[in-house]
Amino acid sequence: MATADRILTDEMIAAIEAYFPRYPTRQAVTLPALHVVNERLRYVPLEAVVEIGELLGLAPAEVQDTLSFYGFFKQDKPHGETRAWVCRSISCALRGGEEILDHLCHVAGVRPGQTTADGKLTIEFAECLGACDYAPCMLAGKALLKNLTKESADEFLAEVKRGASANGKKS
Amino acid sequence: MPKFEPVLLANVGKPNSHTLKVYEGQGGYRALKKVLAESTPSGFLEAVKSTNLRGRGGAGFPTGLKWSFLPKDHLGPIYMCINADESEPGTFNNRILMEEDPHQILEGVILSCFATRATTAYIYIRYEYPLSYDRMHSAIDECYAAGYLGKKILGRDFSLDIFMHRGAAAYICGEETGLIESLEGKRAWPRIKPPFPAVEGVFHKPTVVNNIETVCCVTQIAARGVEWFKSIGVPSDPKNPRDPGSYGPKLYCLSGHVNKPGCYEAPLGITCRQLIDEFGGGVWKGRKAKAAIPGGISMGLLTEAEFDTPLDFSGPGKVGCLGLGTAAVVVLDETVSIVDFLHNSCRFFAHESCGQCTPCREGTAWSLSMLERIKAGRGRLRDLDLLLEIGDTIGIMPGTTICGLADGAAWPIKNAIRKFRAEFEGYIKRTNPRGYMMTDAVEALPVVGAH
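For the rest of this paragraph, the subject is the overall build of chain A. Assigned secondary structure in chain A consists of 7 helices and 4 strands. In chain A, the succession of α and β elements from N to C terminus is α-α-α-α-β-α-α-β-β-β-α. Expressed along its principal axes, the backbone C-alpha trace of chain A runs to roughly 50 × 30 × 25 Å. Across the 171 residues in chain A, those meeting the buried criterion constitute 53%. Partitioning the intrachain contacts of chain A with sequence separation of at least 6 by distance along the chain shows that 64% fall at a separation of at least 24. Accessible surface, chain A: about 7,300 Å² in total, of which carbon and sulfur atoms supply 51%. Side-chain charges of chain A comprise 19 positive and 23 negative groups, with the mean position of each set lying 5 Å from the other.

Moving on: the packing of aromatic side chains. All names here are of chain B. Following the criterion strictly, the structure yields 18 aromatic pairs over all chains and no others. Ring centres of F114 and F158 lie 5.4 Å apart, and the angle between their planes is 65 degrees; this geometry places the pair in the edge-to-face category. Of this pair, F114 sits in helix α6 (residues 102–116) while F158 sits in the loop between α7 (130–146) and β3 (161–166); the two residues are 44 residues apart in sequence, bridging distant segments of the chain. Comparing F114 with F158, the two get one shared label, buried. Here the aromatic rings of F348 and F349 are separated by 5.0 Å at their centres, their planes lie at 85 degrees, and the arrangement is edge-to-face. Summarising the burial analysis for this pair, F348 and F349 share the class buried.

Attention now goes to α7(B). For α7(B), spanning 17 residues, the distance from its first C-alpha to its last is 24 Å, which sits close to the expected 24 Å at 1.5 Å a residue. Along α7(B), the residues classified as buried are B:P130, B:S132, B:Y133, B:M136, B:A139, B:I140 and B:C143. In this structure, the buried side of α7(B) is in contact with β3 (138–140) of chain A together with α5 (93–100), α6, β2 (120–125) and β3 of chain B.

This brings us to the sheet that holds strand β8 (residues 262–267) of chain B. All names here are of chain B. The sheet built from 5 strands is open, its strands ordered β8-β7-β11-β9-β10 with mixed pairing. Two strands close off the open sheet at either side, each with one partner strand: β8 and β10 (302–303). In terms of strand pairing, strand β9 (residues 289–293) meets β10 through 2 bridges, oriented antiparallel. Bridge assignment links A291 to a residue of β10, and that residue is T303.

This next bit is on the interface of chain B and chain A. The interface of chain B with chain A comprises 62 residues on the first partner and 45 residues on the second. The interface formed by chain B and chain A holds 5 salt bridges in total. The partner of A:D65 in a salt bridge is B:R187, and the shortest N-O contact between them spans 3.0 Å. Across the chain B-chain A interface, the total number found is 21 residue pairs in polar contact (both at pLDDT 80 or more).

Moving on: the side chain of B:S345. Following the sequence through the fold, B:S345 ends up in helix α12 (residues 338–352). Not counting chain neighbours up to four residues away, the residues in contact with B:S345 comprise B:I297 and B:P412.

This paragraph deals with the side chain of B:H257. Within the secondary structure layout, B:H257 lies in the loop between β7 (249–256) and β8. Here B:H257 falls in the buried class, since its relative accessible area comes to 3%. One polar contact links the side chain of B:H257 to the main-chain amide nitrogen of B:D333, over a distance of 3.0 Å. Residues in contact with B:H257, not counting those within four places in the same chain, are A:L94, B:G282, B:V283, B:W284, B:V331, B:L332, B:D333 and B:V336.

Residues and elements named next belong to chain B. Entries for chain B in the domain assignment read domain 1 (20–231), domain 2 (246–333) and domain 3 (338–431). Taking only C-alpha atoms, the centre of domain 2 and the centre of domain 3 are 22 Å apart. In this complex, domain 2 contributes 16 residues to the contact, which on the side of domain 3 involves 16 residues. A combined buried area of about 1,200 Å² lies between domain 2 and domain 3, and 71% of that area is made up of carbon and sulfur atoms. Together, I297, L301 and L322 form the three largest contributors to the area buried by domain 2 at its contact with domain 3, with a combined 47%.

It is worth spelling out the domain arrangement of chain A at this point. Size of an interface: often given as the accessible area lost when the parts come together. Each assigned domain of chain A is listed here: domain 1 (3–69) and domain 2 (82–162). Using C-alpha coordinates to define each centre, domain 1 of chain A is positioned 29 Å away from domain 2 of chain A.

Turning our eyes to something else, we now look at unusual backbone geometry. Looking along the chain, the bond that leaves A:A135 and enters A:P136 is cis, with omega of -5 degrees. Considering the arrangement of structural elements, one finds A:P136 in the loop between β2 (121–126) and β3. If you check the backbone angles, B:N52 has positive phi at about 60 degrees while not being a glycine. Even without being a glycine, B:A169 presents a positive backbone phi close to 65 degrees. Residue position: B:A169 is located in the loop between β3 and α8 (176–183). Accessibility expressed as a relative area gives 22% for B:A169, which makes it partly exposed.

Cut-offs used in this document
Residues numbered from 1 in each chain as written. Chains lettered and ligands numbered in written order. Predicted model: local features only at pLDDT ≥ 70, side-chain atom pairs only at ≥ 80, totals over all residues. Heavy atoms only, no water. Helix = DSSP H or I, 4+ residues; strand = E, 2+ residues; numbered from the N terminus. Buried < 20%, exposed > 50% of the residue type's maximum accessible area, 1.4 Å probe, protein only. Contact = heavy atoms within 4.5 Å. Areas by Shrake-Rupley, 256 points an atom, 1.4 Å probe, with all protein chains shown as cover. Lys, Arg positive; Asp, Glu negative; His and termini not counted. Charge placed at Lys NZ, Arg CZ, Asp CG, Glu CD. Phe/Tyr/Trp six-rings, centres within 6.5 Å; stacked < 30°, edge-to-face > 60°. Expected span 1.5 Å × (residues − 1). Pairing = 2+ DSSP bridges. Salt bridge = Lys/Arg side-chain N within 4 Å of Asp/Glu carboxyl O. Polar contact = N/O pair within 3.5 Å; in protein donor to acceptor, adjacent residues only side chain to side chain. Domains from an automatic or database assignment. Buried area = accessible area lost by both parts, 1.4 Å probe.

Right, here's the structure in full:
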């Protein structure tokens, strides 16, 4: 297949193949491969599923079977530049996590799982983020935002809007 | 008793505690060198077995015994899987260890692989821990450079590779055979046992699955000895020859309505009340506590009157909870509606049930539907009995599911309704004054979904 027809770039293929020596089977590279694609495209369209299957020697249905289990990989369109997970489990809920999720969704004009019209932000609910000592909390890209208030949630939204999103190393 | 000095958390909070230089400066990897120089795999395995160390991930199975189930003289490879898919609501001790002290973990992994003759270890880490992932990754690189990983470690005939493997936000991957299936690239559907992983685990090979905190205990046992470990905690019950006791230090995660949430280290057996008062600075806002989760939400609820329960492996079970679980205590103050608590719990399990076993898939979904209806002011007293019927019939214990997720879903239902029934009845009567006595079938309200 010519490069132009593929959705996986040479760089992605190399990144996926780098996982091969770590496992005795190719199928074990399924999740790493899905992450490689998702980190770059922010979704894993069906074309990518087919091409991952070719790389791993699997039927597309085998890759899709695994992918669809997790509910983590979007397939219809990319998630926003920042993907924010707001915890709704018990420790955060006891300290106002659900109100923060409602507030963020209300201000951003989306429902959980949706992306803002400008494509900058996807807001999701999360089950326990494992940061209950900082409840209520949110994981935005790689940044853990701790002890959220409506004010700090607003600041976060303003940062995302400015494009200075929280994908960096801040923790 | 002399004041207990933290051991597992000793390095946490020190500058650059995650680096090899600082870890070695604190005496790190000395235990590994000693064991590799002076012991044999079976000798070290027996030493760990003799401590009665019990797995810290939730089930509390004796670690050395688990290792000893591996077939003798197997041609290999034998695999070690480290469970860092910490997702039990209220639990965050693995995150702190991975972020702040990854080398204590890796030393324990290397020691555990030496004992079990495993030649490859996979650390299955949840996706939601990006900083932990980066820190563990860097620490592994440092270990290869220093000769603690790779071929012929420290000159011994012992080779080991450790790889990080990231999950994708699914609670069930913390179940050991769900983890194995996920690692193999499949849906994380737990396996029917037997065969147990020690006989046939990942890639059809003998496999041990151990938790992050467990392998840190292995590091400390190697460094401080069997006697030290057995001097801490609660001894075996002499009247029960099968009780392995609750030895060693434990990381307790404290969150919810306390003044100082955090991860605290204490000898196994501290009571819930001591933990809240002595470590957590008491219940917040000067309020009283109403209840607490004793060890992650799966374990059920302690009422305030049960707070003197010791948090060891057999304590919570004596007051009707499922067990110690992950030792994550979540405090609910007196203002919390127990209906809201149970709704939150049911929502979690309905979302995280993997869908493989019908009683769990349907039971968790219907319990959430009922709680949604109760919260919408259309509850009936009969619903409480229906919920209890679900609670009493889903899980490994009643024998209807493959894994323990359903037991974890059932316990909060059973504990909340049996321990707080009057509050549920009062809520239902108050919010549905005309319909609370109805018993005929009603339609479920649509559950608001996402994802």
